[in-house]
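# Summary of structural features
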Amino acid sequence: MHVPDGFLDAPTSLATGALAAGTVALALRKARTELDDRTAPLAGLTAAFVFAGQTINFPVAAGTSGHLIGAVLTAVLVGPWTALLCMTAVLLVQAVVFADGGLTALGTNVTLLGLVAVVVGYGVFRGLTAVLPRTRTGVLAASGGAAFLSVPAAALTFVGLFALGGQVDLPIGTVASAMTGVHLLIGLGEAAITVAVVGAVLAVRPDLVHGARGLLSAAPLEDRRPVAAEQAR
């Protein structure tokens, strides 16, 4: 999913760069409504987790491998606007420090792994939470389904960009079938990791999970005060 330099032509790269710059500028303003003193540290921790997660590849099929995108995971935990900023920061560091994705393709990678994955994934998440039970299980099911679909959505967007400005001589049908098949499998890993991490945070601090606000019923508090008879003893 990390597009290298020279894979797409200059007009396509410039167009995705402009789109990415515009959405990041908007996210810088909108993220203020999602972050506060409690959730800002979680955003930093989530970005660090996604950065580390993207360095670990797992085998998929036929000698290919995949890694975490983390867009839906981040959006569910800290909100979609903040997620876009987190993904941009991760991709920028990867491109500049580790040469993972080209500098001229940075806008394309932000568009695919940030904008498309967040918008599609969080949109699916909200759609699923509207019909699923308003419980922890419902939130986790929505997170997993959204994470799964966000991966082929980003892959198919790349196929569209390749059809417009691909610099490699490959039939578009071959590119589409290869990208879709592999990334459906990668989506399964994405869903599993997303459900595991969101579930862990929900178990400890459900109040910090942006996507679960207003969905989870407050758990009744247990009264552990000793009864009057025990106090008398």
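Scroll up to find the structure this text is about.
Notes on the structure in this doc start here. (Residues numbered from 1 in each chain as written. Predicted model: local features only at pLDDT ≥ 70, side-chain atom pairs only at ≥ 80, totals over all residues. Heavy atoms only, no water.)

What follows is about the pattern of salt bridges. In total, this model carries 3 salt bridges according to the counting rule given. Linking Asp207 and Arg38 is a salt bridge whose minimum nitrogen-to-oxygen distance equals 3.0 Å. Linking Asp207 in the loop between helix H7 (172-204) and helix H8 (228-232) with Arg38 in the loop between helix H1 (10-30) and helix H2 (40-54), this pair joins segments that are 169 residues apart in sequence. Judged by relative accessible area, Arg38 falls into the partly exposed class, the value being 41%. Salt-bridge contacts for Asp207 lead to Arg205; the nearest nitrogen and oxygen are separated by 2.7 Å. On the accessibility criterion, Asp207 (35% relative accessible area) is partly exposed. Exposure remark for Arg205: the relative accessible area of 37% places this residue in the partly exposed category. Overlapping salt bridges bring together Asp36, Arg38, Arg205 and Asp207 as one network. (Salt bridge = Lys/Arg side-chain N within 4 Å of Asp/Glu carboxyl O. Helix = DSSP H or I, 4+ residues; strand = E, 2+ residues; numbered from the N terminus. Buried < 20%, exposed > 50% of the residue type's maximum accessible area, 1.4 Å probe, protein only.)

A separate point is the side chain of His183. Position of His183 relative to the elements: it lies in helix H7. Of note is the side chain of His183, whose polar atom sits 2.8 Å from the backbone oxygen of Met179. (Polar contact = N/O pair within 3.5 Å; in protein donor to acceptor, adjacent residues only side chain to side chain.)

Judged by nonpolar contacts, the single largest core of 42 residues is most densely connected at Ile69, Leu77, Phe125, Val198, Leu202 and Val209. With sequence-adjacent residues up to four places away left out, Phe125 is seen in contact with Val76, Val139, Ala142, Ser143, Ala146 and Gly211. Counting residues in hydrophobic clusters, the runner-up holds 11 residues, among them Ala105, Val159, Phe162 and Met179. (Core = buried A, V, L, I, M, F, W, Y, C linked by side-chain atoms within 4.5 Å. Contact = heavy atoms within 4.5 Å.)

Moving on: the environment of Leu14. Along the chain, Leu14 turns up in helix H1. Along the backbone, Leu14 and Gly107 are 93 residues apart, and their C-alpha atoms lie at a distance of 7.7 Å.

Counting along the chain gives 168 residues from Asp207 to Thr39, while the straight-line C-alpha distance between them is 9.5 Å. Excluding residues that lie within four positions of it along the chain, Asp207 makes contacts with Arg38 and Arg213. Side-chain polar atoms of Asp207 contact the side chain of Arg38, separated by 3.0 Å. In terms of polar contacts, Asp207 uses its side chain to reach the side chain of Arg205, at 2.7 Å.

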